[in-house]
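In case you want the letters, here they are:
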Amino acid sequence: MTATTSDVAATPADDARPLLQVEGLQKYFPVNRGIIFQKEVGAVKAVDGLTFSVAKGETLGVVGETGCGKSTMGRLITRLLEPTGGSIVFNGHDITHMSRGQMRPLRKDVQIIFQDPYSSLNPRHTIGTIVGAPFRLQKVQTESGVKKAVQDLLALVGLNPEHYNRYPHEFSGGQRQRIGIARALALRPKLIVCDEPVSALDVSIQAQVINLLDDLQDEFDLTYVFIAHDLSVVRHISDRVAVMYLGKIVEIGDRVSLYEHPMHPYTHALLSAVPVPDPVKESKRERILLTGDVPSPLNPPPACRFHTRCWKAQAICKQVEPPLVQLQPGHEVACHFPEERVLV
Amino acid sequence: MTQETLEGTVPPRPAATAFLEVRDLKVHFPTDDGLVKSVDGLSFQLEKGKTLGIVGESGSGKSVTSLGILGLHKGTRAHLSGEVWLDGQELIAASKEEVRRLRGIKMAMIFQDPLSALHPYFTVGAQISEAYRIHNHVSRKAGRARAIEMLERVGIPTPDKRVDDYPHQFSGGMRQRAMIAMSLSCNPELLIADEPTTALDVTVQAQILDLLRDLQKEFGSAIIMITHDLGVVAEFVDDLLVMYGGKAVEYGTVNEVFYEPQHPYTWGLLSSVTRLDRLRTDRLKPIAGSPPSLINIPDGCAFHPRCPYEPMTGGKGSTVVPELVDAGKGHLVRCHLTAKERQDIFLKQVKPTL
Ligand SMILES: Nc1ncnc2c1ncn2[C@@H]1O[C@H](COP(=O)(O)OP(=O)(O)OP(=O)(O)O)[C@@H](O)[C@H]1O
Ligand SMILES: Nc1ncnc2c1ncn2[C@@H]1O[C@H](COP(=O)(O)OP(=O)(O)O)[C@@H](O)[C@H]1O
Ligand code: SF4
Ligand code: SF4
Ligand SMILES: [Mg+2]
Ligand SMILES: [Mg+2]
């Protein structure tokens, strides 16, 4: 990908302290059997030891196959879920085990946007009620102030402020996603976790919503954690990118380094599997075909979790877990045999 | 051959010579809100061993088209007209029973959501075996053997054990494989794949596309690949049909449509998608507005409310429905702009941004 060497990731704002600092984050979901006496028979290790940070004003993209723990991570850092282990420090506050009450003053700073613009909005509430809810909950506006504030938000995300009294079903998918964004923006958050915000949208609409997120970030100095499985969308929007596999980060680095010099075999497989919209180029591309499926997170493979599907696996991969280590400035990889490869 | 259409009777036309030929297919649904013109005059051809891609935004009529070819609108409220010729036989006028017989032996479908095609209460093996035994009068044992053979063929590990699993015991990718196994159990000559990989990860998508390609090589089937993913299309198809608002707006070989696209909607699609094989741009170029409602298709060219070149057509874009015309070598396009105008716009404004 020599053509893209001029692609320079924006340098994050040089606030000394990252806005979000996550260390050894874990979430195990207990699995119970039995009808009357529930017995714990195991745990789904959805997120199993994540360490990363996000600087103010930066976008961290998170990619990985279905079930690898992306959404769980998003719900942990927004504290919609209680972590099993590790720590989350947001803007200097340790929020790892904060109660709802303790979280309240911080709640407005951390928001989440969900994948499904259809199910994430209450069908019986008007747009005014939905987008105004955060103001009412936090009691930061008078009732007449709420209407004005909501209409400003609707205009901001490119919706008609007159549609204040309409219901979600009267809007298209792209418009509903804008409603979700307006709601998330209401309290001028510092961090927004976007969980597959454009996956359900048509390409032409995807581009509209991505541009909107870009503009809002510039205007309000927002920090995003952007979860998606579409690697080209993630490249477009992110400054840094984390690749997850079975509850762990296997590679994390700045956008340019990660896409142009990926080092983990799993990242190689992912990148090589994305078909590019160019028939001639596509017919010449090398494709790494992974065999089988992602193993169950109930019983993940020991040591390197990728070894059951990795074509480079050696004995050591089944015995010793490879730590996430920095191999290039700002580029960390968890593999015993890392190697640069050009794939896109 | 004479038949009923929405307009009345049409004069007889010669039988098709292509393996699959769809002529002026219309599927309209009467609803409380009005007539939904989901597919409104679609024509295309496909030979054995070849793949036709159909792309378009959600609601553009892709799935309704595929169900129409398979005869699955028969006996519903849908108004059907046009002709579907499969290997010399016309299917729109054929009886429901005849089309059902052909479904399975001559044509089969892979859906986006394998769970909608697999029954939760029967084992995967029983369902594949059943599909096979309906059309081939063989014993239960032979049916089971066929199921194991097909599961192995689509890459399910230890197929002799997994044959007795229920669909929920399979992962998403395995279910998709099982459905493919079921669809292919009778070696259909026409396979319609409706967003077969949309719900899957890219890694699994690559496996499934690889599998389909192998099977096509082996059996010489014709495939219709319906998708909204331009990458999948670029990788997989020979011909490409771009649908918008129930109509084809562009139809040509995959290289023609990707390298010399002619329709403003196709330009919009190609420029709005993020792509790994290009320099990252700071800003994406979306198509303005959103897809039309098929109850209330805009007058004239259905794309005109979103089209930046509409003013160049002197009002025709918003009043007259453009015809699908040959832009050279059988590359068809539905737009009022002249060939010269399209060429200029593409070379000067669109191509540099792709
Ligand atoms: N409440 C829960 N109870 C038990 N297991 C759960 C729960 N929530 C998630 N999991 C499991 O945790 C793992 C990670 O799930 P998660 O939703 O985070 O995946 P994801 O990476 O977001 O996947 P996708 O790309 O499909 O959205 C999965 O195996 C999932 O089944
Ligand atoms: N049984 C039906 N009754 C009424 N409208 C329908 C029916 N099936 C599909 N439609 C409409 O037809 C249009 C095309 O649908 P479809 O072919 O499923 O789109 P897609 O291109 O996303 O596959 C949509 O507007 C859809 O709502
Ligand atoms: S540690 Fe071994 S098994 Fe794991 S990704 Fe690296 S080479 Fe493959
Ligand atoms: S006919 Fe007019 S409105 Fe339609 S695509 Fe062509 S230029 Fe645009
Ligand atoms: Mg998720
Ligand atoms: Mg469809």
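Everything in this summary refers to the structure shown in the same document. (Residues numbered from 1 in each chain as written. Chains lettered and ligands numbered in written order. Predicted model: local features only at pLDDT ≥ 70, side-chain atom pairs only at ≥ 80, totals over all residues. Heavy atoms only, no water.)

1. Comments concerning the site of ligand 2
Residue and element names in this part refer to chain B.
Working step 1: Taken together, 13 residues sit near ligand 2, with Ser38, Gly59, Lys62, Ser63 and Val64 positioned nearest.
Working step 2: Here glycine 59 contributes a backbone N or O atom positioned 2.7 Å from an oxygen atom of ligand 2.
Working step 3: Take glycine 61: an N or O atom from its main chain is 3.0 Å from an oxygen atom of ligand 2.
Working step 4: Compared with its free state, where it exposes 560 Å², ligand 2 has 64% of that area covered by protein.
Working step 5: Secondary structure elements with two or more residues in the shell around ligand 2: strand S1 (20–31), strand S2 (34–46) and helix H1 (62–69).
Working step 6: Considering every element that reaches the shell around ligand 2, the biggest residue donor is H1, with three residues.
Working step 7: By residue class, the composition of the shell around ligand 2 is four nonpolar, seven polar and two charged. (Near = heavy atom within 4 Å. Polar contact = N/O pair within 3.5 Å; in protein donor to acceptor, adjacent residues only side chain to side chain. Areas by Shrake-Rupley, 256 points an atom, 1.4 Å probe, with all protein chains shown as cover. Helix = DSSP H or I, 4+ residues; strand = E, 2+ residues; numbered from the N terminus. Nonpolar A, V, L, I, M, F, W, Y, C, P; charged D, E, K, R; others polar.)

2. Comments concerning the interface of chain B and chain A
Working step 1: Taken together, the 43 residues of chain B in the interface contact 47 residues of chain A.
Working step 2: For the chain B and chain A pair, buried surface summed over both sides reaches about 3,900 Å², with 57% attributable to carbon and sulfur atoms.
Working step 3: A:Arg287 is paired through a salt bridge with B:Glu235; the nearest N and O atoms lie 2.8 Å apart.
Working step 4: Every element with two or more residues in the side of chain B that touches chain A is listed here: helix H7 (172–184), helix H8 (202–219), helix H9 (230–236), helix H10 (254–259) and helix H11 (264–272) of chain B.
Working step 5: Examining the composition of the side of chain B that touches chain A, we find that seven residues originate from one element, H8(B), more than from any other.
Working step 6: Within the side of chain B that touches chain A, the residues separate by chemical class into 19 nonpolar, 13 polar and 11 charged. (Contact = heavy atoms within 4.5 Å. Buried area = accessible area lost by both parts, 1.4 Å probe. Salt bridge = Lys/Arg side-chain N within 4 Å of Asp/Glu carboxyl O.)

3. Focus: H7(B)
Working step 1: Taking 1.5 Å as the rise per residue, H7(B) with 13 residues should run 18 Å; its terminal C-alpha atoms sit 18 Å apart, in good agreement.
Working step 2: Taking burial as the measure, the 13 residues of H7(B) include 12 buried ones, the bulk of the element. (Expected span 1.5 Å × (residues − 1). Buried < 20%, exposed > 50% of the residue type's maximum accessible area, 1.4 Å probe, protein only.)

4. Things to note about the packing of helix H5 (residues 173–185) of chain A against helix H6 (residues 203–220) of chain A
Residue and element names in this part refer to chain A.
Working step 1: Direction vectors running N to C along H5 and H6 enclose 15 degrees, while the axes themselves pass 10 Å from each other. Here H5 is positioned roughly parallel relative to H6, judged by the angle of their axes. When you trace H5 past H6, the crossing you get is right-handed. Each of Gly174, Gln177, Arg178, Ile181 and Leu185 in H5 lies in contact with H6, whose residues at this interface are Ile205, Gln208, Val209, Leu212, Leu213 and Leu216.
Working step 2: Its residues assigned to classes, the contact of H5 with H6 shows seven nonpolar, three polar and one charged. (Axes fitted to C-alpha atoms, helices over the stretch in contact; angles between N-to-C directions. Parallel < 35°, antiparallel > 145°, perpendicular 65-115°, else oblique. Left-handed = near helix turned anticlockwise from the far one by under 90°.)

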